[in-house]
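The residues making up each chain are set out below.
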Amino acid sequence: MIKENLEIFYATVMNVFVGGDLLWYPIEGDNKTRLAPDVMVGFGPLKGDRGSYQQWKEGGIAPQVAFEILSPSNYAPEMEEKRKFYETHGVEEYYSYDPDRFRLKGWLRQTNQLLPITEMNGWVSPRMGIRFSHIQGELEIYRPDGRKFLTSVELDQEARQAQLAAIQQAQRADHQTQR
């Protein structure tokens, strides 16, 4: 949901890259230092398909935003290692969501560190302008214009409703013309 909605949000912005489960290699010639964020957003790299995100081929630009969605197999030390990786390699904003425990955490870069965001409910991403809402366990994310991020099913339903409304409008116009 996060990746797809961010791709939709940035669809017309050519120099914003949104990727998901894509290996990020921050150091040229080092294929051991790598991580695959669940979602990453890079401001500066152009859109396009990639087999991996090789930072030196992206003008040296690290993804500025990273998201991790925890699964039952994730454990605290592993997540701390990921946070340190993001901190070391220049991520500006890092968000972690545990859907089983309904726990949303965030970190924001202050000088050379990713520091915890103390209150995530209502937090607005400085880089993207999206707002996080975390009430009664449900994570909701909103665009700067207030529109909620939707699931793929909700997006399909919205598209079908718009299509039906357009057909009905065309039928009314046709009926008026016939009159």
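Taking 1.5 Å per residue as the helical rise, helix H2 (residues 76-88) with its 13 residues ought to reach 18 Å, and the 18 Å between its terminal C-alpha atoms agrees with that figure. Listed in full, the buried residues belonging to H2 are Met79, Lys82, Arg83, Phe85, Tyr86 and Glu87. Backbone geometry just after H2 places Gly90 at a positive phi near 95°.

Let us now look at the layout of surface pockets. Its volume calculated, the largest pocket comes out at about 340 Å³. Together, 17 residues line the largest pocket, and Leu70, Ala76, Met79, Asp98 and Lys105 are the ones closest to its centre. No other element matches H2, which puts 4 residues into the lining of the largest pocket. Here the lining of the largest pocket is built from residues that sort into 7 nonpolar, 3 polar and 7 charged. Taken as a whole, the second largest pocket spans an internal volume of roughly 180 Å³. Looking at the second largest pocket, it is lined by 15 residues, and the ones nearest its centre are Glu7, Phe17, Val18, Gly19 and Gly48. Those elements that provide at least two residues to the lining of the second largest pocket are helix H1 (2-9) and strand E1 (16-19). Of all the elements, E1 adds the most residues to the lining of the second largest pocket, at 4 residues.

What follows covers the confidence of the model for the chain. The share of residues in the chain with pLDDT of 70 or more is 97%, and the mean pLDDT across the chain is 91. Taken element by element, the chain is modelled with least confidence in helix H3 (residues 152-178), mean pLDDT 77, and with most confidence in strand E2 (residues 24-25), mean pLDDT 98.

Turning our attention to the nonpolar core. Core analysis: the largest hydrophobic core is formed by 22 residues, its most contacted members being Leu6, Tyr10, Val41, Phe67, Met128, Ile130 and Phe132. Of all elements in the fold, only H1, E1, strand E3 (39-43), strand E5 (65-69), strand E6 (93-98), strand E7 (103-110) and strand E10 (138-142) reach the threshold of two or more residues within this core. With 3 residues, E3 is the single largest residue contributor to this core. Contacts of Met128, omitting those with residues within four sequence positions, involve Leu6, Phe9, Tyr10, Val41, Phe43, Val65, Phe67, Glu93 and Pro144. By size, the runner-up hydrophobic cluster in this structure holds 16 residues, among which are Phe17, Ala62, Phe85 and Val91.

This part takes up H1. Where H1 is concerned, the buried positions are Ile2, Asn5 and Leu6. The arc that holds every buried residue of H1, seen down its axis, measures 100°, which confines them to one face.

The next point concerns the pattern of salt bridges. For the coordinates displayed, the defined rule picks out 11 salt bridges. Here Glu78 and Lys82 are joined by a salt bridge, their closest N and O atoms 4.0 Å apart. In this pair, Glu78 and Lys82 are both assigned in helix H2, 4 residues apart and thus about one turn of the helix distant. The closest approach of N and O atoms between Glu140 and Lys148, which form a salt bridge, is 3.5 Å.

What counts and how
- Residues numbered from 1 in each chain as written.
- Predicted model: local features only at pLDDT ≥ 70, side-chain atom pairs only at ≥ 80, totals over all residues.
- Heavy atoms only, no water.
- Helix = DSSP H or I, 4+ residues; strand = E, 2+ residues; numbered from the N terminus.
- Expected span 1.5 Å × (residues − 1).
- Buried < 20%, exposed > 50% of the residue type's maximum accessible area, 1.4 Å probe, protein only.
- 1 Å grid on protein atoms, 1.4 Å probe; cavity = no way out; pocket = protein on both sides within 12 Å on 5 of 7 lines; lining within 4 Å.
- Points joined across faces, edges and corners; volume = space filled by probe spheres on them.
- Nonpolar A, V, L, I, M, F, W, Y, C, P; charged D, E, K, R; others polar.
- pLDDT = per-residue confidence, 0-100.
- Core = buried A, V, L, I, M, F, W, Y, C linked by side-chain atoms within 4.5 Å.
- Contact = heavy atoms within 4.5 Å.
- Arc of directions from axis to C-beta.
- Salt bridge = Lys/Arg side-chain N within 4 Å of Asp/Glu carboxyl O.

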